[in-house]
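Close look at the chain arrangement
The chain contents come next:
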Amino acid sequence: MSLAKRIIPCLDVKNGETVKGTNFVNLRSAGDPVELGKAYSEQGADELVFLDITASFEGRKTFTEMVTRVAKEINIPFTVGGGINQLDDVTRLLNAGADKVSVNSAAIKNPQLINDITARYGSQVCVCAIDARLEDGEWMCYLNGGRVRTERKLFEWAQEVADRGAGEILFTSMNHDGVKEGYANDALATLSDTLAIPVIASGGAGQREHFKDVFSIGKADAALAASVFHFGEIPIPDLKAYLRDQGINVRL
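The text that follows walks through the structure, step by step, so that each part is easy to find. Note that the coordinates shown come from a computational prediction; the quantities given were computed from them, not determined experimentally.

1. A look at the nonpolar core
One finds Phe 171 and Phe 211 to be the most contacted residues of the largest nonpolar core, which totals 72 residues. Of the residues forming this core, the biggest block, 5 residues, is contributed by helix 7 (residues 154–163). Once residues within four sequence positions are removed from consideration, Phe 211 is found in contact with Ile 7, Tyr 183, Ala 205, Ala 223, Ala 225, Val 228, Phe 229, Ile 234, Leu 239 and Leu 243.

2. Section: the side chain of Asn 104
Mapped onto the fold, Asn 104 is located in the loop between strand 6 (100–103) and helix 5 (105–109). What Asn 104 contacts, discounting residues up to four positions off in sequence, is Ala 129, Ile 130, Asp 131 and Tyr 142.

3. Some remarks on helix 11 (residues 236–245)
Ile 236, Leu 239, Lys 240, Tyr 242 and Leu 243 are the residues of helix 11 that are buried. Projection of helix 11 onto a plane perpendicular to its axis shows the buried side chains occupying an angular sector of 160°, all on one side. Looking at the buried positions of helix 11, the neighbouring elements they touch are strand 1 (6–14), helix 1 (33–43), helix 9 (208–216) and helix 10 (227–230). Phi turns positive, to about 85°, at Gly 247, one or two residues after helix 11.

Here is what the cut-offs are and how they apply
All chains use their own residue numbering, which begins from 1 and follows the written sequence. Local features are withheld for residues below a pLDDT of 70 in this predicted model, meaning they are given only at 70 or higher, and side-chain atom pairs are given and counted only at 80 or more; totals for whole chains, interfaces and linings count all residues. Derived side-chain values reflect all non-hydrogen atoms in the structure, with water molecules and hydrogen atoms excluded from consideration. Remark: nonpolar core denotes a set of buried residues (Ala, Val, Leu, Ile, Met, Phe, Trp, Tyr, Cys) joined through side-chain atoms within 4.5 Å. For every residue, the accessible area (1.4 Å probe, protein chains only) is compared with the maximum for its type, and the residue is labelled buried under 20%, exposed over 50%, or partly exposed between those bounds. Runs of H or I in DSSP of at least four residues are treated as helices and runs of E of at least two as strands, each being numbered from the N terminus. It only takes one pair of heavy atoms within 4.5 Å for two residues to be counted as in contact. This arc is taken over the directions from the axis of the helix to the C-beta atoms.

Structure representation (structure tokens):
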């Protein structure tokens, strides 16, 4: 049997509270990160992702104390991202309780950072997040929480990321983010077919069928979602039971 598909709630954190937007803007509060993290761990989430979404834009470090508080309440793998620019940031977050770190803006600006992280801590610690928008038929990568367009193209950058040793790619479609009409399955399938590392899908979950499709059509290894979990629209135990009924291998 193939490896189990993973369900990953994502805590987008700004100023110490969980927020959720649409297409990376119009943020609204979704609750306390520590309480949400604990609840997801208890509900059977496979992992938890914590992103300090304004750290890179504001030029500061991820809120370390918050990471420690979340880590103490959960017993599942914990990925933290936001404002990670150097190895010292990685050390600080791992010491605070993170199992993995997610790099995005800093990796595009300094791709060697991926090599450095994996050389010191191993590939399993390095998740490379890629925020991309489909523009005139081409997926273009963005920095700083979707604020700054780059000339990097999704598929070329993803391949370089894998070649540099990252353990996983977390691809967020900015077009699909918060819209709840399904994931970017065509792009995800291309990534999954061409890369030798796991692909985490992000952006677009609105109903249970979207998770089935992202695994069967998008070929993703994991599906990340936020608002459908934060606001109680899709309970994780119900989602996993549904996916198992649909023939998708998940951990119950």
